[in-house]
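These are the residues of each chain, in order.
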Amino acid sequence: MVDLDLLQAGNVWKYIGMEIIRNAEGQPGVHVRNSESLKQIYGSVHGGIIATAVDAAVAVAVNSAIGKDYGAATVELKVNFLYPVVDSDIFAFARLVKEGNLMVGTAEVFDNQGQLVAIGTATYKVRPLQASNGNK
């Protein structure tokens, strides 16, 4: 398994205030604390933030499943927004539906009241990490 603390240490994660969590069933996910800096002009959380939570939740599931000698990168992301999020944090939980060189996961996004506010899928390309010799 990849060190999940490395994901949380990323600049985007820190910037939007996102952290790794698990639900009562042990399903991996992320928690994003709501703030004014994450809202669009109409007062609800920007869709890009919700999409980032979907991507990140699936990334946690993917990185939990691959070995430490592998990396993964998003190659496809789709989100359906069901309800606006105004005065609530968001919680996204993911599960993998396909593993291998291409890994596909789904995520459900909830508000503080447990209302489903978005669903999404993400596909990741998994590849071996290269030795750190300056070549890519």
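Residues numbered from 1 in each chain as written. Predicted model: local features only at pLDDT ≥ 70, side-chain atom pairs only at ≥ 80, totals over all residues. Heavy atoms only, no water.

## A closer look at the overall build of the protein chain
Each helix and strand in the protein chain was counted, giving three helices and six strands. Each helix (α) and strand (β) of the protein chain, taken in turn from the N terminus, gives the series α-α-β-β-α-β-β-β-β. For 136 residues, the compact-globule estimate of 2.2 N^0.38 gives 14 Å, and the protein chain sits close to it at 15 Å. When the backbone C-alpha atoms are referred to their principal axes, the protein chain occupies close to 45 × 30 × 25 Å. (Helix = DSSP H or I, 4+ residues; strand = E, 2+ residues; numbered from the N terminus. Rg over C-alpha atoms; globule rule 2.2 N^0.38 Å.)

## A few points about the sheet that holds strand 2 (residues 28–32)
With respect to topology, six strands assemble into an open sheet ordered 1-2-4-5-6-3, the strand pairing being antiparallel. Taken across any chain shown, the strands that pair with only one partner, and hence form the sheet edges, are strand 1 (18–22) and strand 3 (70–81). Each adjacent strand pair in this sheet contributes to an overall mean axis angle of 30 degrees, direction not counted. The strands touched by helix 3 (residues 47–65) within the sheet are strand 1, strand 2, strand 3, strand 4 (90–98), strand 5 (102–110) and strand 6 (116–128), with strand 4 carrying the most contacts at an inclination of about 45 degrees. (Pairing = 2+ DSSP bridges. Axes fitted to C-alpha atoms, helices over the stretch in contact; angles between N-to-C directions. Contact = heavy atoms within 4.5 Å.)

## Topic: the pattern of salt bridges
In this structure the tally under the stated criterion is four salt bridges. A salt bridge links Lys39 to Glu36, with the nearest nitrogen and oxygen atoms 3.2 Å apart. Linking Asp87 and Lys39 is a salt bridge whose minimum nitrogen-to-oxygen distance equals 3.6 Å. Placement of the pair is Asp87 in the loop between strand 3 and strand 4 and Lys39 in the loop between strand 2 and helix 3, with a sequence separation of 48 residues. When its relative accessible area of 68% is taken as the criterion, Asp87 is described as exposed. We classify Lys39 as buried; its relative accessible area is 18%. (Salt bridge = Lys/Arg side-chain N within 4 Å of Asp/Glu carboxyl O. Buried < 20%, exposed > 50% of the residue type's maximum accessible area, 1.4 Å probe, protein only.)

## Regarding the side chain of Lys39
Side-chain polar atoms of Lys39 contact the backbone oxygen of Val86, separated by 3.1 Å. Once residues within four sequence positions are removed from consideration, Lys39 is found in contact with Asn34, Ser44, Val45, His46, Val86 and Asp87. (Polar contact = N/O pair within 3.5 Å; in protein donor to acceptor, adjacent residues only side chain to side chain.)

## Quick word on the environment of Gly67
Here Gly67 lies in the loop between helix 3 and strand 3. For Gly67, a relative accessible area of 28% translates into the label partly exposed. Distance in space between the C-alpha atoms of Gly67 and Pro128 is 9.1 Å, their sequence separation being 61 residues.

## Let's talk about the pairing of strand 2
Successive residues of a regular strand alternate their side chains across the two faces of the sheet. Here strand 2 lies mainly inside the structure; five of its five residues are buried. Burial of the side chains of strand 2 extends over both faces: Pro28, Val30 and Val32 are buried on one face and Gly29 and His31 on the other. Alignment of strand 1 against strand 2, held across five bridges, turns out to be antiparallel. Paired with Arg22 across the bridge in strand 2 is Pro28. Taken together, the four bridges between strand 2 and strand 4 define a ladder with antiparallel strand orientation. Of the residues in strand 4, the one forming a bridge with Val30 is Ala92.

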